[in-house]
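Chain residues, written in single-letter form:
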Amino acid sequence: MTKLWGSRFAKGTDVLADQFSFSIAYDQNLAKYDVQVGIAHARMLGKCGIIPKQDAARLVSGLQKIASQIADGVFKFDPKAEDVHTNIQTALKGLIGPAADRLHTARSRNDLIALDMKLYCREEIKVIIGLIAQLQKAIVGFAGRHQDVIMPAYTHLQSAQVVLLAHHMLAYVEMLERDKGRLKAAVAHMDSMPLGSCALSGTSLPIDRDFVAKTLGFARPTANSMDSVSDRDFAVETLADVAILGMHCSRVAEDFILWGTSEFNFLDIDWSLCTGSSIMPHKKNPDVLELIRGETANLYSRLNEVLILMKGLPLTYNRDMQLDKPPLFESVDKIKVILKLLTKLFTGVKVKKQDIVRRIYDEGFFSVDVMEYLIKKGVSYRAAHDLVGTMIKGCVDQGKKIVDLTLGQLKAYSPYFEEDVKALLDPKISVESKKSFGSTNPKLVRQQIAKWKKLLD
Ligand code: ARG
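The paragraphs below set out a description of the structure included in this document. Keep in mind it's a predicted model, so treat the numbers as computed, not measured.

### Points about the overall build of the protein
Each helix and strand in the protein was counted, giving 17 helices and six strands. Its C-alpha atoms give the protein a radius of gyration of 31 Å, clearly above 23 Å, the size a compact globule of 457 residues would have. If one aligns the C-alpha atoms of the protein with their principal axes, the spans along those axes are about 100 × 55 × 40 Å. Split into buried and exposed, the 457 residues of the protein put 48% on the buried side. The long-range fraction of contacts in the protein, counting pairs at least 24 apart against all pairs at least 6 apart in sequence, stands at 75%. Surface accessibility of the protein: about 22,500 Å² in total, with carbon and sulfur atoms responsible for 56%.

### Quick look at the site of the ligand
Every residue lining the ligand is accounted for by Ser-23, Asp-83, His-85, Arg-109, Asn-110, Ile-113, Tyr-317, Arg-319, Gln-322 and Lys-325. Lys-325 places a polar side-chain atom, nitrogen or oxygen, 2.7 Å from an oxygen atom of the ligand. Coverage of the ligand by the protein chains reaches 87% of its 340 Å² of free accessible surface. The dominant element in the shell around the ligand, judged by the number of residues it contributes, is helix α5 (residues 109-145), at three residues. Class assignment of the residues belonging to the shell around the ligand gives a composition of two nonpolar, four polar and four charged.

### Some thoughts on the side chain of Asn-265
Checked against the element boundaries, Asn-265 lands in the loop between α9 (233-259) and β5 (267-268). In this structure Asn-265 touches Trp-259, Lys-352 and Asp-355, once residues within four positions along its chain are discounted.

### Thoughts on the pairing of strand β2 (residues 158-164)
Where strand β1 (residues 150-155) and β2 come together, six bridges link them in antiparallel fashion. Its bridge partner lying in β2, Thr-155 is registered against Gln-158. Joining the antiparallel neighbours β1 and β2 is a turn of two residues, in which His-156 adopts a positive phi near 55°.

### Focus: the layout of surface pockets
Each pocket or cavity is described by its volume, and for the largest pocket that value is around 720 Å³. Lining the largest pocket are 29 residues, with Ala-153, Tyr-154, His-168, Ala-171 and Asp-255 sitting closest to its centre. Those elements that provide at least two residues to the lining of the largest pocket are β1, β2, α6 (165-189), α9 and α17 (442-456). No other element matches the seven residues that α6 contributes to the lining of the largest pocket. Of the residues belonging to the lining of the largest pocket, the class tally is 16 nonpolar, nine polar and four charged. Considered as a void within the structure, the second largest pocket measures approximately 320 Å³ in volume. If you go around the second largest pocket, you meet 15 residues; those closest to its centre are Gly-260, Thr-261, Ser-262, Lys-284 and Pro-286. Along the lines of polarity and charge, the residues of the lining of the second largest pocket split into five nonpolar, six polar and four charged.

### Thoughts on unusual backbone geometry
Backbone torsion omega between Leu-315 and Thr-316 reads 10°, so that peptide bond is classified as cis. One can find Thr-316 in the loop between α10 (287-310) and α11 (325-348). In this model, Leu-157 sits at a positive phi of 60°, which is unusual for a non-glycine residue. Examined against the element boundaries, Leu-157 turns out to sit in the loop between β1 and β2.

What counts, and where the lines are drawn
- Residues numbered from 1 in each chain as written.
- Predicted model: local features only at pLDDT ≥ 70, side-chain atom pairs only at ≥ 80, totals over all residues.
- Heavy atoms only, no water.
- Helix = DSSP H or I, 4+ residues; strand = E, 2+ residues; numbered from the N terminus.
- Rg over C-alpha atoms; globule rule 2.2 N^0.38 Å.
- Buried < 20%, exposed > 50% of the residue type's maximum accessible area, 1.4 Å probe, protein only.
- Contact = heavy atoms within 4.5 Å.
- Areas by Shrake-Rupley, 256 points an atom, 1.4 Å probe, with all protein chains shown as cover.
- Near = heavy atom within 4 Å.
- Polar contact = N/O pair within 3.5 Å; in protein donor to acceptor, adjacent residues only side chain to side chain.
- Nonpolar A, V, L, I, M, F, W, Y, C, P; charged D, E, K, R; others polar.
- Pairing = 2+ DSSP bridges.
- 1 Å grid on protein atoms, 1.4 Å probe; cavity = no way out; pocket = protein on both sides within 12 Å on 5 of 7 lines; lining within 4 Å.
- Points joined across faces, edges and corners; volume = space filled by probe spheres on them.

Note that all results are geometric; they support no functional claim without further evidence.
Shown next, in the form of structure tokens:
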């Protein structure tokens with residue numbers, strides 16, 4: 001059995017203990033990064049005269065071969081070799097012979113795994129940011145195609161005021177933009193290179209950590225060898241940012257689940273994202289969206305898993321830390337699929353404009369507009385709120401609508417009312433009356449759509 005250690009061992013390890021501790025079943029994702037690191041490290045060892053130049057050249061060309069085998073999907077992982085590092089080390093020995101024994105000079109798996117993981121996080125975050133941008137584009141496109149749709153908006157899931165559908169959609173775009181910002185910040189936080197910290201204290205060999213940092217595109221080497229091999233903040237931060245992104249995706253999913261019900265009936269989710277019922281032939285269920293909502297629970301629990309894993313660990317490296325991989329990889333893989341599916345949702349969904357229009361004339365939607373009518377005439381907010389509340393109660397009690405009140409009846413509520421107040425009881429007037437920056441005013445929403453189109457192109 002191939003191991004990177006063992007000469008000091010009085011006997012072989014227990015088979016069950018091996019099965020229990022090997023990570024090769026789940027750390028293969030890291031192979032391509034492990035090789036990249038190996039190449040940079042070998043070049044540095046040769047350049048610094050720590051190993052013979054010919055051996056460095058042999059290491060580099062052997063690792064390059066392994067890199068293309070990995071890229072082509074033909075690299076054979078040996079399940080009996082403890083982890084990804086051991087696998088690559090063993091394969092390299094097979095390819096180039098004894099020179100391979102020099103690769104692990106001035107490094108340990110402790111600093112190596114930290115670096116592999118940072119490279120993984122950095123690359124995957126870039127992919128996730130690209131997928132978020134695709135989703136934002138799909139949402140902005142959808143908003144742009146439906147700029148004339150006015151819909152009810154809710155607080156407490158109770159009808160509140162009317163807004164443009166496009167305005168609601170752009171709320172999602174804002175949420176996703178913050179997600180991109182968080183992920184970019186996470187990449188900036190992980191911009192230091194741990195290799196050369198070795199087991200935990202550094203090395204007596206004359207290595208050049210700046211060279212390796214620069215070669216692998218990091219701003220700097222890490223400044224404390226003990227922190228370098230103990231740190232998993234970058235994994236936790238990636239998981240946290242992905243969890244928040246998942247929260248946003250699940251809220252989008254929930255809006256569309258609600259709006260697709262026959263009770264709301266605002267839109268039709270494309271058949272390709274729905275499933276049927278084994279017993280009720282009429283059903284069209286939004287399972288994909290429900291699973292996005294459900295998978296978000298798993299995104300949270302994986303974040304929790306790693307937070308708990310790391311809590312209270314003594315410095316520096318502990319084998320517990322190996323268990324950060326499955327949750328990290330699973331969350332990264334899952335969020336990428338969720339983002340792709342939501343992008344499809346926005347490309348295929350059909351808005352039922354006629355059904356929405358029928359719902360936006362309830363006078364309750366315009367209570368704030370009527371209140372602001374009075375405020376503009378000098379009435380205090382408090383008095384206006386009370387007046388409009390009393391008027392609505394009076395109407396409900398008498399089974400009347402505000403539009404049907406005579407001028408005399410209006411004036412009985414407030415002398416400030418004129419006939420023109422009735423014009424406010426209209427969805428189009430309501431959205432157009434909004435003036436504040438960030439409001440649902442159609443002109444402002446149009447500007448926002450144009451801004452996002454430009455930004456996302
Ligand atoms: N498989 C290990 C991990 O993922 C690599 C580091 C092992 N280091 C050690 N000293 N056993 O954390």
